[in-house]
Amino acid sequence: MEQDNQLDDIDQAGGCIITAEAMQEHRDKKRRKQSMPPYNLEDPILSRIGDTPLVEYPEPLAGDLRIKLEKENPTGSMKDRIALGMILEMMKSGELSDEDLVVEASSGNTAGGVALAANRLGFDSIITTPESTSSQKIGYVESFGAELVTCPDVDSDDEDHYRNRARTIADERDGVFLNQYQNQLNPEVHEKWTGPEIWEQTDELTHIVCPMGTGGTLSGIGKYIKKQDSSVEIVGVDAEKSNISSAFYGDVPVEYSTQIEGLGKNGETPTMWFDYIDRVESVDDETAITHARTAATEYGVLIGTSSSAALKVARDIARKSEESSVVLVACDGGEQYFDILSD
């Protein structure tokens, strides 16, 4: 610690006695110190969440493109992070006690993450999902012993909508509704965990690109990265017929419609921190699916379709600029979407 302070003092004073190698080592040390995992668990399963690899995308491009492979989490997606993080933070604050019933609404990966975290932490859990949710994702819920409530695909103001059903179940059965769509712990977990992890893994960084659903992943990462280097561009990716981009730019809303699970929303949610996002790009369904297939067949990279929509945007950036150093957050793997990718 004393040596670190001395290096800081000499560096700020313009001292030239420190070599470039020493300063780089010092910066690396500071990064490692900042990015210690926030949740240190003895549980052999939950301790596998996080610390996912950052790998080079093998396509030759003008700039540098690396992919954060969140598929390496236990249930195959980055939603394991918020499932564990939100529950632990709510236990710490007293919002969730040992005997409480955990309730969550999810149209995709959060369902499995919450089922796993609740299982390992000793909670009973109920997950509500729309009936269109893929069988692969429902399989995680059932495998980990959570109670599954399937809801009709209806408008969000209908009482049978899966988010409204979750709230009703929590009220009727004295449960605690995690509510990833509004709970500020969603982006806060990524600010505390995923952002520092990416920062530690990168020597140079010009862009972060990430698909947006609840917006929590990109918002939390963006807030942390902007504090470290405000010049890094934070880029969100939306579905073409979606209203995240409409809300971001103040445009007229469109009718929400996409085949891509987990991408886009009818409008802005409280977990979208637009102050830390520089721009939002929209990608159509066909382009997203084509990029997923190409990434797998030509480059051996199997990622989900929301991530492949973001891949299109990340590739465009890296193709245009030799100075670019882009990190794409791939939220899950293509294993969840073989029914789409094989058509």
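To be clear, the structure that these remarks concern was listed above.
Just so you know, these numbers come straight off a predicted model, no measurement behind them.

Trainee: Lay out the pairing of strand 9 (residues 279–283) with the relevant residues and their values.
Mentor: Where strand 8 (residues 233–239) meets strand 9, five bridges bridge the pair, whose relative direction is parallel. Paired with A239 across the strands is V283, a residue of strand 9. The handedness of the strand 8 to strand 9 crossover, carried by helix 10 (residues 244–249), is right-handed.

Trainee: For the sheet that holds strand 5 (residues 147–151), give the residues involved together with the corresponding values.
Mentor: Strand order in the open sheet formed by four strands is 5-4-3-6, and the pairing between neighbours is parallel. This sheet does not close on itself; its edge strands, each paired only once, are strand 5 and strand 6 (175–177). Going across the sheet, the axis of each strand differs from the next one's by a mean of 20°, ignoring polarity. In terms of strand pairing, strand 3 (residues 101–105) meets strand 4 (residues 124–130) through five bridges, oriented parallel.

Trainee: Just give me the short version of helix 6 (residues 162–172), but keep the residues and values in it.
Mentor: Among the residues making up helix 6, those that are buried are Y162, N164, A166, I169 and A170. Once helix 6 finishes, D174 follows within two positions and takes phi at roughly 55°, a positive value.

Trainee: An account of the pairing of strand 10 (residues 325–330) is requested, with residue identities and associated values reported.
Mentor: Within strand 10, six of the six residues are buried, which leaves the element mostly enclosed by the surrounding structure. Alternating positions in strand 10 separate into two faces, S325, V327 and V329 on one and V326, L328 and A330 on the other, with burial throughout. By the bridge criterion, three bridges tie strand 7 (residues 207–211) to strand 10 in an arrangement that is parallel. Bridge pairing in strand 10 places H207 opposite V326.

Calculation criteria
Residues numbered from 1 in each chain as written. Predicted model: local features only at pLDDT ≥ 70, side-chain atom pairs only at ≥ 80, totals over all residues. Heavy atoms only, no water. Pairing = 2+ DSSP bridges. Helix = DSSP H or I, 4+ residues; strand = E, 2+ residues; numbered from the N terminus. Right-handed = clockwise from strand over helix to strand, strands pointing away. Axes fitted to C-alpha atoms, helices over the stretch in contact; angles between N-to-C directions. Buried < 20%, exposed > 50% of the residue type's maximum accessible area, 1.4 Å probe, protein only.

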